[in-house]
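Take a look at the letters that make up each chain.
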Amino acid sequence: MVDPELLAPVLSLKGMHDPTLRQALAESIDKAARRYGFFQIVRFSLSFAVSGSLTPSGFEDRSRHLCWSVSLSLSLSPRPLAAAKSMAAHSYPHPAELISRAFAITRLVFDLSKEEKEALARDPESNRGYTTMGGQVLDGAIATREDVKGVEVPNEEVGKADMKEGYMIGAEISSTHEYFARFSHGPNRYPTESQVPGMRETMTEYFESLLALSKELMKVIALSLSLPSDTFDELSREPAAAIRLLHYPPAVAEIGAGAHTDFGLLTLLATSGAPGLEVFDGKTWIPLEPAEGTFVVNVGDLLALYTGGEYKSSLHRVNNTSGVDRYSIPFFLDGNSDVLVSPVKGMGEGWGKLKAVTVEEHLRERCGFASHRSWVFYSLIMYLIPRFDGTYTSDSAPGAMKAAVV
């Protein structure tokens, strides 16, 4: 059994702006990203500005300072809705309260009737809205085969529907925004205020806070790769990014979320406390039980691609055998739609082998699963690159991410 501290070490962000502590944090992230691509974070402060429209009449830009602590509680006990609505509108709560409120609203969303939820069905172009139970098929990121180095991959039923329902929410942007009509950008789809009071404001606060945190983490990741801190600034500018509310009913035989790698740069995950997350180590599935008060962070495909496979985008799944409903809220930082991503020159076994791709091209393929089975092999390659024999080739010339210092 893998030591939990090796699978997903808990890293404190306290004092992360002190140069010495920041360097130590970068080194810890580097080790975790090269091993399994998972780590957990606690103890950080965060300031962010919210701009846009939370109501039809709009609202002013607001700056908030949120201070997280290791005692963060992800309790799902919902407060009276009137109190939650009032607090959302008139105070700036401790982040533990914001997360608790986000989970309370998540439960209310999935408690809506089937008809109410399906009226808010996900738009495939903007990638916003509700996905019904069994409406996504993630299983198939791995399949029955034996790797070139003899790593036996467990049997999976490729193409089996996920036993979960989801609700995707992104940035609040206007119709005049430069990316408004682009893939994975566009208007959010919300229930009415009477159906789920306070949802729009709470989810906007939550999205903006996680976006700011993820951008700060990308600066530390640049340091972990011995690159300038602004290396990923263009990739993180006006990014395709989203939070996804997820509900997994108790399962007996069905997998909640099939084996897959995450599509983008980074994922930051909050859970309701029910177990179920599992990571594939190349031989078997290992349970990952988040420490209390943490976000679980994992490397996605695009960051793995950028590092030539040095940082691992590991296969993972959700298997909810807890006997209770499981809720989670992942935040996905995918990147600026127009940026071309490819391995940094000389970095990793993927240099010269993995094809350069824009963020939008990559997301369209992954979200559409037009080449669903081809990702069986790509995902394994991204995980096994340090042991791969180099037979994966690309007909495109090696490139570098636009605006990156390489």
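Everything in this summary refers to the structure shown in the same document. (Residues numbered from 1 in each chain as written. Predicted model: local features only at pLDDT ≥ 70, side-chain atom pairs only at ≥ 80, totals over all residues. Heavy atoms only, no water.)

**Some words on the overall build of the protein**
Within the protein, the regular secondary structure consists of nine helices and 16 strands. Put simply, the protein has 406 residues, and 56% of those count as buried. Relative to all contacts within the protein whose residues are 6 or more apart in sequence, the contacts with residues 24 or more apart total 79%. By element, 53% of the accessible surface of the protein is carried by carbon and sulfur atoms, the whole surface being about 16,400 Å². (Helix = DSSP H or I, 4+ residues; strand = E, 2+ residues; numbered from the N terminus. Buried < 20%, exposed > 50% of the residue type's maximum accessible area, 1.4 Å probe, protein only. Contact = heavy atoms within 4.5 Å. Areas by Shrake-Rupley, 256 points an atom, 1.4 Å probe, with all protein chains shown as cover.)

**Digging into helix H6 (residues 199–224)**
Along its 26 residues, H6 runs 37 Å from first to last C-alpha, staying within 8% of the 38 Å computed at 1.5 Å per residue. Among the 26 residues in H6, 20 count as buried, and that is most of the element. Trailing H6 by a residue or two, Ser226 shows a phi angle of about 60°, which is positive. (Expected span 1.5 Å × (residues − 1).)

**Notes on the sheet that holds strand S14 (residues 326–335)**
Pairing is mixed across the open sheet formed by eight strands, whose spatial order is S1-S2-S12-S9-S14-S7-S6-S5. With one partner strand each, in any of the chains shown, strand S1 (10–12) and strand S5 (129–131) form the two edges of the open sheet. The average undirected angle you get between the axes of adjacent strands in this sheet is 25°. Relative to strand S2 (residues 38–42), S1 is paired through three bridges, and the arrangement is parallel. In the strand pairing of S2, Val10 is matched with Gln40. Contacting S1, S2 and strand S12 (295–299), helix H2 (residues 19–35) crosses the sheet at an angle of about 160° to S1. Packed onto the sheet, H6 meets S2, strand S6 (165–169), strand S7 (240–248), strand S9 (266–271), S12 and S14 and runs at close to 130° relative to S9. (Pairing = 2+ DSSP bridges. Axes fitted to C-alpha atoms, helices over the stretch in contact; angles between N-to-C directions.)

**Considering the pattern of salt bridges**
A complete count under the given rule lists 17 salt bridges for this structure. As a salt-bridge pair, Arg101 and Glu97 come within 3.4 Å of each other at their nearest N and O atoms. Of this pair, Arg101 and Glu97 are both found in helix H4 (residues 95–111), four residues apart, which corresponds to roughly one turn of the helix. Two residues, Lys219 and Asp233, come together in a salt bridge whose shortest N-O distance is 2.9 Å. With Lys219 in helix H6 and Asp233 in the loop between H6 and S7, the pair connects residues that are 14 residues apart, well separated along the chain. Taking relative accessible area as the criterion, Asp233 reaches 37% and is therefore assigned partly exposed. Beyond isolated ion pairs, a larger network of salt bridges with shared partners links Glu125, Arg182, Asp338, Glu360 and Arg364. (Salt bridge = Lys/Arg side-chain N within 4 Å of Asp/Glu carboxyl O.)

**Observations concerning unusual backbone geometry**
A positive phi is found at Ser184, a non-glycine position, where the angle reads about 65°. One can find Ser184 in the loop between S6 and H6. Residues other than glycine seldom take positive phi values, yet Ser226 does so here, at roughly 60°. You can see Ser226 is positioned in the loop between H6 and S7. The exposed category is assigned to Ser226, whose relative accessible area is 71%.

**Here's the deal with the nonpolar core**
Counting residues in hydrophobic clusters, the biggest one holds 71 residues, and the most contacted among them are Met199 and Tyr206. In terms of residue count, the dominant contributor to this core is H6 (12 residues). Discounting residues that sit within four places of it in the chain, Tyr206 has contacts with Leu98, Ile99, Ala102, Ile243, Ala270, Phe295 and Ile329. (Core = buried A, V, L, I, M, F, W, Y, C linked by side-chain atoms within 4.5 Å.)

**What to know about the sheet that holds strand S8 (residues 257–260)**
Within the open sheet, the four strands sit side by side as S8-S13-S10-S11. Their pairing is antiparallel. Two strands lie at the open edges of the sheet, namely S8 and strand S11 (285–287), each paired on one side alone. On average, each strand axis in the sheet is tilted by 20° relative to the strand beside it, whichever way the strands run. Strand direction decides the pairing type here: strand S10 (residues 277–280) and S11, joined by three bridges, are antiparallel. Across the sheet, the residue bridging to Val279 is Ile286, located in S11.

**Re the pairing of S10**
On S10, burial covers both faces: Leu277 and Val279 on one face and Glu278 and Phe280 on the other are all buried. When S10 meets strand S13 (residues 316–318), the two strands line up antiparallel, connected through three bridges. For Leu277, the partnering residue across the bridge sits in S13 and is Val318. Adjacent in sequence and paired antiparallel, S10 and S11 are bridged by four residues, among which Gly282 carries a positive phi angle near 100°.

**Remarks on the packing of aromatic side chains**
Tallied over the entire structure, the rule returns three aromatic pairs. Residues Phe280 and Trp285 carry aromatic rings whose centres are separated by 5.1 Å and whose planes lie at 45° to one another, so their mutual orientation is tilted. You'll find Phe280 and Trp285 in the same group, each marked buried. (Phe/Tyr/Trp six-rings, centres within 6.5 Å; stacked < 30°, edge-to-face > 60°.)

**Considering the environment of Ala251**
Along the chain, Ala251 falls in the loop between S7 and S8. The spatial distance from the C-alpha of Ala251 to the C-alpha of Met163 is 7.8 Å, given a sequence separation of 88 residues. Residues within four places of Ala251 in sequence aside, it is in contact with Asn320 and Thr321.

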